[in-house]
Amino acid sequence: MAPPATSRSPSKATTPASSTCSISATRGQGGAVALIPRGAPATGSLEVVLPLLVLALEFLPLRWRPRSDGDRRSSPGHAPEVRRSLRRSALPDQRTRNPRMHAHGGTEAEARNFSQVELLDKKSRYARADEFLQVAAKLWDSWEDDALVLDPQTPVFADASKVHPIDHHGDWFDIDGPLNVPRPPQGYPVILQAGASPSGRDMAARWADAIFCSHASLESAQAFYSDIKERAKAAGRDPDDIKVLPSITPIVRPVEQDAKDLAAELYELVPEEAGLSQLSYHLDIDLSQFPLDEQLPALDDPSIDGHYHEVAEITRREGISLRQLGKQYGGRTEGNMIGTPSQIADGLEKWFSKGAADGFTVGAVYQPGAFEEFVREVVPELQRRGLYRTAYEGTTLRDSLGVPRPAVGDWQRRGQGQS
């Protein structure tokens with residue numbers, strides 16, 4: 001990979017604040033690099049995908065239709081309301097001008113993009129998501145791998161005996177099938193997930209090929225990593241088939257002090273309100289209900305996900321107010337990877353070797369310069385250590401990630417909730 005010849009300084013960057021880019025729509029402000037070391041079939045141990053946001057997404061052609069019994073389920077079809085929703089979601093929500101109210105306004109806006117007045121409760125959302133993935137897997141499996149004949153002389157396109165309806169009738173979806181295209185080359189498209197709550201972790205353990213996460217310390221990353229692997233095992237999967245990819249935002253300079261100075265300069269550019277707005281959205285909690293000059297309280301509410309508790313613990317451990325937390329959250333450098341190329345490589349190797357990561361999602365504190373510096377300075381150091389591949393041996397994203405191609409019916413062997 002030939003790195004660009006030049007790098008932009010922060011003053012010329014298009015994003016002069018930290019932008020965590022983990023594919024999630026709530027995070028993305030730019031591209032991303034994924035380092036996936038464990039189990040990747042290549043000459044080295046690490047994998048880089050740059051940018052990760054160019055991943056092709058496959059969607060089921062589903063739309064809501066009212067039923068006489070009052071249910072709201074889905075049927076095949078191309079819905080014009082989806083196109084309208086996409087246009088609406090591309091525009092700023094004028095009712096969320098107050099950045100600290102963004103969490104509640106965002107929830108309403110998301111609901112309107114899914115033909116709902118308000119979002120379902122979390123338990124129902126996960127139940128629906130699980131059934132959705134079941135339907136998706138059934139449709140991908142509705143064509144056997146050798147169903148295609150492609151004989152122009154007969155002529156026969158496919159063996160009809162190897163294409164099957166799915167006849168799915170669940171709590172949320174009624175789908176007859178089969179899919180109108182053959183089984184994907186990868187069996188199932190690579191499934192990426194982000195979520196720190198117990199429900200999110202269970203969903204990941206059953207369905208995910210890779211997990212995006214964020215951690216304030218090596219210890220919390222290790223705890224999350226271990227928990228995900230145990231849940232995967234309980235769901236009947238090989239724990240190595242799920243890649244855990246913590247987010248990092250490295251700041252790289254030839255001299256350590258220069259890296260620290262740049263980090264301080266970038267930190268001062270971040271408005272505290274912007275950090276609180278972003279945090280409110282990520283937590284799905286209106287932080288304006290709490291005093292700005294006091295610490296974020298611990299809430300005894302089972303509906304609050306794990307990320308809130310981790311953030312609240314940071315405010316208590318470091319003795320900072322909610323106002324200071326907004327500044328810190330908006331200007332944080334995930335993983336605390338600040339220093340020389342060798343020091344950044346040390347940090348990556350430490351997290352990998354100590355059971356905190358299978359790889360990393362690399363974000364940029366400014367773009368495109370931070371990506372260019374990482375590729376030019378850190379990647380060669382990882383290659384010298386034998387931690388980063390020098391060639392691609394496969395042809396698919398699954399090959400690059402080192403996760404196996406699922407066989408037909410693989411979804412039925414994954415944990416609970418089968419139908």
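Counting of residues starts from 1 at the beginning of each chain's written sequence and follows it residue by residue. Residue-level local features of this predicted model are given only where pLDDT is at least 70; pairs of side-chain atoms are given and counted only at 80 or more, and the full residue set underlies all totals for whole chains, interfaces and linings. Remark: hydrogens and water are excluded; side-chain values derive from all non-hydrogen atoms of the structure.

## Some points on the environment of Ile 344
Secondary structure counts use DSSP, requiring at least four H or I residues in a row for a helix and at least two E residues in a row for a strand, with both numbered from the N terminus. Tracing the chain through its elements places Ile 344 in helix H10 (residues 341-353). Ile 344 sits 34 residues away from Val 378 along the chain, and the two C-alpha atoms are 7.0 Å apart. Note on contacts: a residue pair is in contact if any heavy atoms of the two residues lie within 4.5 Å. Ile 344 has contacts with Pro 250, Ile 251, Val 252, Met 337, Ile 338, Gly 339, Phe 374 and Val 378, leaving out every residue within four places of it along the chain.

## Quick look at unusual backbone geometry
If a residue is not glycine, its phi is most likely negative; likewise, a peptide bond is most likely trans. Residue Pro 155 is reached from Thr 154 by a cis peptide bond, and omega for that bond is -15°. Of note, Pro 155 is situated in the loop between strand S5 (148-151) and strand S6 (156-158). Looking along the chain, the bond that leaves Gly 177 and enters Pro 178 is cis, with omega of -5°. Counting through the fold element by element, Pro 178 comes out in the loop between strand S8 (174-175) and strand S9 (192-194). Its identity as a non-glycine residue notwithstanding, Ser 115 has a phi of 60°, on the positive side. Relative to the elements of secondary structure, Ser 115 occurs in the loop between helix H2 (102-112) and helix H3 (122-140). Of note, the phi angle at Leu 150 is positive, near 55°, even though the residue is not glycine. Considering the arrangement of structural elements, one finds Leu 150 in strand S5. Think of it in three bands: residues with accessible area under 20% of the maximum for their type are buried, residues over 50% are exposed, and the middle band is partly exposed, with areas taken using a 1.4 Å probe on protein chains only. Judged by relative accessible area, Leu 150 falls into the exposed class, the value being 54%.

## As for the environment of Ala 210
Within the secondary structure, Ala 210 sits in strand S10 (residues 210-213). A C-alpha to C-alpha distance of 9.3 Å links Ala 210 and Asp 358, two positions 148 residues apart in sequence. Among residues more than four places away in sequence, those in contact with Ala 210 are Ile 191, Leu 192, Gln 193, Lys 243 and Leu 245.

## Observations regarding the packing of aromatic side chains
Between the rings of Phe, Tyr and Trp (Trp by its six-membered ring), a pair exists once the centres lie within 6.5 Å; its type follows the angle of the planes, with under 30 degrees stacked, over 60 edge-to-face, and the other angles tilted. This model, assessed by the stated rule, comprises 4 aromatic pairs. Centroid distance Trp 140 to Tyr 188: 5.5 Å. Interplanar angle 35°. Geometry classified as tilted. On the criterion of sequence distance, the pair formed by Trp 140 in helix H3 and Tyr 188 in the loop between S8 and S9 is long-range, its members being 48 residues apart. With a relative accessible area of 11%, Trp 140 lands in the buried category. The class for Tyr 188 is buried, based on a relative accessible area of 1%.

## Brief notes about the packing of H10 against helix H11 (residues 369-384)
Packing of H10 against H11 brings their axes to within 9 Å, and their N-to-C directions diverge by 60°. Relative to H11, the element H10 lies oblique. When you trace H10 past H11, the crossing you get is right-handed. Across the interface between the two elements, Pro 341, Ser 342, Ile 344, Ala 345 and Leu 348 of H10 pack against Phe 374, Glu 377, Val 378, Glu 381 and Leu 382 of H11. For this classification, Asp, Glu, Lys and Arg are treated as charged, while Ala, Val, Leu, Ile, Met, Phe, Trp, Tyr, Cys and Pro are nonpolar and the rest, including Gly, are polar. Broken down by class, the residue content of the contact of H10 with H11 amounts to 7 nonpolar, 1 polar and 2 charged. Convention adopted: a line fitted to C-alpha atoms gives each axis, helices being fitted over their contacting stretch, and angles between N-to-C directions are expressed from 0 to 180 degrees. An angle counts as roughly parallel when it lies under 35 degrees, as roughly antiparallel when it exceeds 145, as roughly perpendicular when it falls between 65 and 115, and as oblique in every other case. Here a crossing is called left-handed whenever its near helix is offset anticlockwise from the far helix by less than a right angle, and right-handed whenever the offset is clockwise.

## Details of the pairing of strand S11 (residues 243-248)
With respect to burial, S11 is a largely interior element, 6 of its 6 residues being buried. Here S11 shows a buried face lined by Lys 243, Leu 245 and Ser 247 and a second buried face lined by Val 244, Pro 246 and Ile 248. Where S10 meets S11, 4 bridges bridge the pair, whose relative direction is parallel. Bridging from a neighbouring strand, Ile 211 pairs with Val 244 of S11. Remark: the S10/helix H5 (residues 218-234)/S11 crossover connection has right-handed handedness. Strands are labelled as partners when DSSP assigns at least two bridges between them. Summarising the sheet, S11 and strand S14 (residues 360-362) pair through 2 bridges and their orientation is parallel. Handedness of a crossover is defined as follows: orient the strands so they point away from the viewer, and if the path from the first strand over the helix to the second runs clockwise, the crossover is right-handed.

## A closer look at a nonpolar patch on the surface
A contiguous nonpolar surface patch, about 300 Å² in accessible area, is contributed by Leu 148, Leu 150 and Phe 157. Structurally, the position occupied by Leu 148 is in strand S5. For patch building, the residue pool is restricted to those with more than 30% relative accessible area and no salt bridge; the joining distance is 9 Å between like charges and 5 Å between nonpolar side chains (Val, Leu, Ile, Met, Phe, Trp, Tyr). Surface accessibility in these figures is a Shrake-Rupley result with a 1.4 Å probe; residues are shielded only by whichever protein chains are displayed. Here a salt bridge means any side-chain nitrogen of Lys or Arg lying within 4 Å of a carboxyl oxygen belonging to Asp or Glu.

## Notes on H3
Helix span, expected: 1.5 Å multiplied by one less than the number of residues in the helix. Its 19 residues give H3 an end-to-end C-alpha distance of 27 Å, which sits within 8% of 27 Å, the value for a rise of 1.5 Å per residue. Taken as a whole, H3 has its buried residues at Ser 124, Arg 128, Asp 130, Glu 131, Leu 133, Gln 134, Val 135, Ala 136, Ala 137, Lys 138, Leu 139 and Trp 140. Definition of a polar contact: a pair of N or O atoms within 3.5 Å, with one able to donate and the other able to accept a hydrogen when the atoms are protein atoms, and with sequence-neighbouring residues admitted only if both atoms are side-chain atoms. In this structure Asp 121 caps H3, since a side-chain oxygen of it lies 3.2 Å from the backbone nitrogen of Lys 123.

## Thoughts on the confidence of the model for the protein
Caution is warranted with low-pLDDT regions, since their predicted coordinates should not be read in detail. In the predicted model, the protein carries a mean pLDDT of 76, and 71% of its residues have values of at least 70. Mean pLDDT values over the elements of the protein span from 32, in strand S3 (residues 62-66), up to 97, in H10. Confidence of the predictor at the level of single residues is given by pLDDT, which spans 0 to 100. Note that pLDDT drops below 50 for residues 1-106; the model gives that stretch 263 contacts with residues more than four away or on any other chain.

## Some thoughts on the pattern of salt bridges
For side chains of opposite charge, pairing can occur when their charged atoms come near one another. Counted by the stated rule, this structure contains 25 salt bridges. Of the charged contacts, one joins Arg 201 and Asp 227 as a salt bridge, the two residues approaching to 2.9 Å between their closest N and O atoms. Residue Arg 201 is located in helix H4 (residues 198-207), and its partner Asp 227 is located in helix H5; the two are separated by 26 residues in the primary sequence. We classify Arg 201 as buried; its relative accessible area is 19%. Taking relative accessible area as the criterion, Asp 227 reaches 22% and is therefore assigned partly exposed. As a salt-bridge pair, Arg 317 and Glu 318 come within 3.9 Å of each other at their nearest N and O atoms. Here Arg 317 falls in the partly exposed class, since its relative accessible area comes to 46%.

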